[in-house]
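Residue-level listing of the chains:
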Amino acid sequence: MGFRLSKIYTRTGDQGETGLGDGRRVPKDHPRVEAIGEVDTLNSQLGLLLANLEEQSGKHPELNDVIDVLTPCQHRLFDLGGELAMPVYKALSAAEVDRLEAAIDRWNEEVGPLENFILPGGSALIAQAHVCRSLARSAERRCQHLNALEPLEGVGLAYINRLSDLLFVAARVIARRQGVAEVLWQAAAKPH
């Protein structure tokens, strides 16, 4: 693949602008850059979740399935970042959305119907899966904001939406496979 970066710093962004893959220069707070940043943040947190899952898989080999499903998501998020940086570039396919939906359906059968609101917690892995879920929603909002200004083509919006759903169900599956009770929301007492 050759070298992509020969120098890490370029000094071209010191005045608050950055370059996109199509050659345009935009402010660093441009909605496209905000969307790229949120996708990158999600990818970083997903990497942390995967590292922690790897550490726990020795004690809980049943977590390997979660690792197998989530690992490609890091690569697809990088693809999505590429699509956002280079608007004419398309890397994601509908097959990736289908893959996420199949995993959601399979895991949902395992955990059963949701009967209560669930809070992030129970174990560090469960909480980290929820951090990723909430960041996926944030990335989706940023992408939707960009889409309202500059319509996005392809399946990126569907992918990020399904990924947040997958991460929610992943948190539930992790709890089940770790043998940890989910933390159920308890409503505040009604004011007098």
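Quick note: structure is the one above.
Residues numbered from 1 in each chain as written. Predicted model: local features only at pLDDT ≥ 70, side-chain atom pairs only at ≥ 80, totals over all residues. Heavy atoms only, no water.

Chemist: Which parts of the structure should I look at to understand the overall build of the protein?
Modeler: For the protein, the count of helices and strands is 5 helices and 4 strands. Within the span of the protein, comprising 192 residues, buried residues form 38% of the whole. Surface summary for the protein: the accessible area is close to 11,100 Å², and the carbon and sulfur share equals 54%. Across the protein, 21 positive and 26 negative side-chain charges occur, with their mean positions spaced 4 Å apart. (Helix = DSSP H or I, 4+ residues; strand = E, 2+ residues; numbered from the N terminus. Buried < 20%, exposed > 50% of the residue type's maximum accessible area, 1.4 Å probe, protein only. Areas by Shrake-Rupley, 256 points an atom, 1.4 Å probe, with all protein chains shown as cover. Lys, Arg positive; Asp, Glu negative; His and termini not counted. Charge placed at Lys NZ, Arg CZ, Asp CG, Glu CD.)

Chemist: Looking at this structure, how should I read a nonpolar patch on the surface?
Modeler: On the surface, a nonpolar cluster with roughly 410 Å² of combined accessible area is contributed by F117, L119, V183 and W185. Locating F117 in the fold gives a position in the loop between α3 (94-111) and β3 (118-119). (Patch = residues over 30% accessible without salt bridge, like charges linked within 9 Å, V, L, I, M, F, W, Y side chains within 5 Å. Salt bridge = Lys/Arg side-chain N within 4 Å of Asp/Glu carboxyl O.)

Chemist: Please explain α3 as it appears in this structure.
Modeler: Counting along an α-helix, one turn takes 3.6 residues, and residues three or four places apart therefore face a common direction. Taking 1.5 Å as the rise per residue, α3 with 18 residues should run 26 Å; its terminal C-alpha atoms sit 26 Å apart, in good agreement. Among all positions in α3, only E96, V97, L100, A103, I104, W107 and V111 are buried. Each buried residue of α3 sits inside an arc of 125° when the element is viewed along its axis, so together they form one side. Packing partners of the buried residues in α3 comprise α2 (64-85) and α5 (156-178). Of the residues flanking the end of α3, it is G112, one or two places downstream, whose phi is positive at about 80°. (Expected span 1.5 Å × (residues − 1). Arc of directions from axis to C-beta. Contact = heavy atoms within 4.5 Å.)

Chemist: Honestly, the pattern of salt bridges in this entry has me stumped. Any pointers?
Modeler: Close approach of charged atoms allows side chains of opposite charge to pair. Inspection of the entire model under this criterion finds 12 salt bridges. Measuring nitrogen to oxygen at the nearest pair gives 3.0 Å for the salt bridge that ties R137 to D165. With R137 in helix α4 (residues 124-149) and D165 in helix α5, this pair connects stretches of sequence that are 28 residues apart. Residues joined by salt bridges that share partners form a network here, namely D65, R106, E110 and R177.

Chemist: Where do I start with the packing of helix α1 (residues 31-56) against α5 in this structure?
Modeler: Running from amino to carboxyl end, α1 crosses α5 at an angle of 20°, the nearest separation of the two axes being 14 Å. Judged by the inter-axis angle, α1 sits roughly parallel to α5. Both α1 and α5 take part in a crossing whose hand is left-handed. Contact residues: α1 offers L42, L46, L49, L53 and Q56, while α5 offers I160, L163, L167, I174 and Q178. Grouping the amino acids of the contact of α1 with α5 by side-chain chemistry returns 8 nonpolar, 2 polar and no charged. (Axes fitted to C-alpha atoms, helices over the stretch in contact; angles between N-to-C directions. Parallel < 35°, antiparallel > 145°, perpendicular 65-115°, else oblique. Left-handed = near helix turned anticlockwise from the far one by under 90°. Nonpolar A, V, L, I, M, F, W, Y, C, P; charged D, E, K, R; others polar.)

Chemist: In this structure, what is going on with the nonpolar core? I would like to understand it.
Modeler: Burial of nonpolar side chains together is a common tendency in soluble globular proteins. Core analysis: the largest hydrophobic core is formed by 44 residues, its most contacted members being L53, L70 and L166. Contributions of two or more residues to this core are made by α1, α2, α3, α4 and α5. (Core = buried A, V, L, I, M, F, W, Y, C linked by side-chain atoms within 4.5 Å.)

Chemist: Which parts of the structure should I look at to understand the packing of α1 against α4?
Modeler: A packed helix pair is summarised by two numbers, namely the angle formed by the two axes and the spacing between the axes. As a packed pair, α1 and α4 sit with axes 8 Å apart at the nearest point and diverge in direction by 160°. Judged by the inter-axis angle, α1 sits roughly antiparallel to α4. Read as a crossing pair, α1 and α4 show a hand that is left-handed. Broken down by class, the residue content of the contact of α1 with α4 amounts to 18 nonpolar, 7 polar and 4 charged.

Chemist: Got a minute to help me understand the side chain of E140 in this structure?
Modeler: Along the chain, the position of E140 falls in helix α4. Beyond its immediate stretch of four places on either side in the chain, E140 contacts I160, N161 and S164.

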